[in-house]
Amino acid sequence: MALASIDGIQFLLRWVHFLSGITWIGILYYFNFIQGSWFKETEAEHKKAAVQKLVPRALWWFRWGAMFTFLSGLLMILLEGHKAGGLILAFEGNSWGAFILTGATLGTLMWANVWFIIWPAQKVVIAVAQGATNPDAAALGAKAGLASRTNTLFSIPMLYFMGCCTPLAGRRRIEPGRARRARRRHRCALDQRDRWKDRTDDVGQRSDHQRPRLDGRVVRDDRSPRMSRTKLGGIEVVGSLLLLLVGCDGSSAPKTESAELYARGRAVYVMNCTACHNTDPAKPGPVGPAILGSSLELVRARLSEATYPEGYTPKRVTKQMPPLPHLAKHSEALYAFLNP
Ligand code: HEC
């Protein structure tokens, strides 16, 4: 993975997101679980010294942690949309998108709480501890405390959606009205792992179990997907750090237009077609046939009306594939992906 690519930038952003997120939420938990109860039982002068000298430091890391977490998350969402050829396309209609956007909404509320309620109120509380007078200080302190407890509560579902959505949610499109079996397959990816295996075994293909990753690449997993994922993650981390140290990213050549078209086609394919076609389009999928090398006319005809170009002999006589007209605008990208 080249660092000077969208994938590389996303990788670094995710790192920043984790680091700043842990800084932020760690201090949030410190405030709520440790400092608050200590304040209640300690002498007034100790408390005052802490508010003067300790709290401002903790609040600095706290609010900037929140800001970096928010900004890196926002950038990741925008890049995700850029990769998929549109924000809606990246997040709409797949459970991964629903999970991550729920987490992001909670996170954004928490960030706004920090910057627009907690921090302004705490500024007054600190100023009073440092000698200023302000009759509102006690009320503001209570307001900040409430916002802080709210954030602590929000952090639990927020982290759940942020941290669990990749393993829990498949990222393939769920078409309304699609067979119940397909929907169930998407809903819970804890079983998805096993089901994946069954499915591939059923069809008797793909002895090497392959799964689409979030970014559209295909991961080979043998017996334990988790193991190989970790291994892959480790290699990526070490590789990227080395690249950082050496200061070269291995692909300084600008991306050509066709490479971008191919990448978009791959993203659209992984999100919309792999419920039926194989993640490797050269191989037959669980439902649909191998479609590597399909012509542009064929792709267009399939997407717009699920028909075939005149005179074309279909690989299957069935009529299982629904038309996907909302994807017709991606025909060229899909064609580029299917004809590398
Ligand atoms: C619901 C399952 C399903 C989905 C989703 C699906 N397909 Fe299909 N596709 C099929 C099936 C099954 C066939 C075989 C003909 C039939 O039964 O309709 C097929 C046939 C095709 C063919 C023609 C193969 C040939 O040469 O005869 C192409 C091309 C194709 N699909 C492309 C796509 C693309 C591109 C996507 C994603 C945008 C996609 N399909 C999504 C099930 C699906």
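Since we're looking at a predicted model, the values are computed, not measured.

Let's shift gears to helix 9 (residues 257–272). Over its 16 residues, helix 9 runs 22 Å from end to end, which matches the ideal 22 Å to within 8%, given 1.5 Å per residue. Residues of helix 9 that are buried: Tyr-262, Ala-263, Arg-264, Gly-265, Arg-266, Ala-267, Val-268, Tyr-269, Val-270, Met-271 and Asn-272.

In this section: the confidence of the model for the protein chain. Mean pLDDT over the protein chain works out to 78, with 73% of the residues at or above the 70 mark. When the criterion is pLDDT under 50, residues 172–255 qualifies, and its contacts beyond four places in sequence or with other chains add up to 91 contacts.

The next subject is the nonpolar core. A general trend in soluble globular proteins is that nonpolar side chains are found buried together. Counting residues in hydrophobic clusters, the biggest one holds 26 residues, and the most contacted among them are Trp-24, Leu-28, Phe-62, Ala-66, Val-114, Phe-161 and Cys-165. Of all the elements in the fold, those that place two or more residues in this core are helix 1 (6–41), helix 2 (44–84), helix 4 (95–129) and helix 5 (137–168). Sort the elements by how many residues they give to this core and helix 4 lands first, with 10 residues. Among all residues touching Phe-161, those that are not within four sequence positions of it are Phe-99, Ile-100, Thr-102 and Gly-103. Counting residues in hydrophobic clusters, the runner-up holds 21 residues, among them Tyr-262, Ala-267, Val-270 and Leu-338.

Structurally, Tyr-269 is set in helix 9. Here the alpha-carbon distance between Tyr-269 and Thr-279, two residues 10 residues apart in the chain, equals 8.2 Å. Setting aside residues no more than four positions away along its own chain, Tyr-269 makes contact with Thr-274, Leu-334 and Phe-337.

The next point concerns the site of the ligand. Around the ligand sit 23 residues in total, of which Cys-273, Cys-276, Gly-288, Thr-318 and Met-321 are the nearest. Among the elements that make up the shell around the ligand, the one with the highest residue count is helix 10 (residues 296–305) (3 residues). The residue makeup of the shell around the ligand, split by class, is 13 nonpolar, 6 polar and 4 charged.

About the thresholds
- Residues numbered from 1 in each chain as written.
- Predicted model: local features only at pLDDT ≥ 70, side-chain atom pairs only at ≥ 80, totals over all residues.
- Helix = DSSP H or I, 4+ residues; strand = E, 2+ residues; numbered from the N terminus.
- Expected span 1.5 Å × (residues − 1).
- Buried ≥ 20, exposed ≤ 12 C-beta atoms within 10 Å, placed from the backbone.
- pLDDT = per-residue confidence, 0-100.
- Contact = placed C-beta atoms within 7 Å.
- Core = buried A, V, L, I, M, F, W, Y, C linked by C-beta atoms within 7 Å.
- Near = placed C-beta within 6 Å.
- Nonpolar A, V, L, I, M, F, W, Y, C, P; charged D, E, K, R; others polar.

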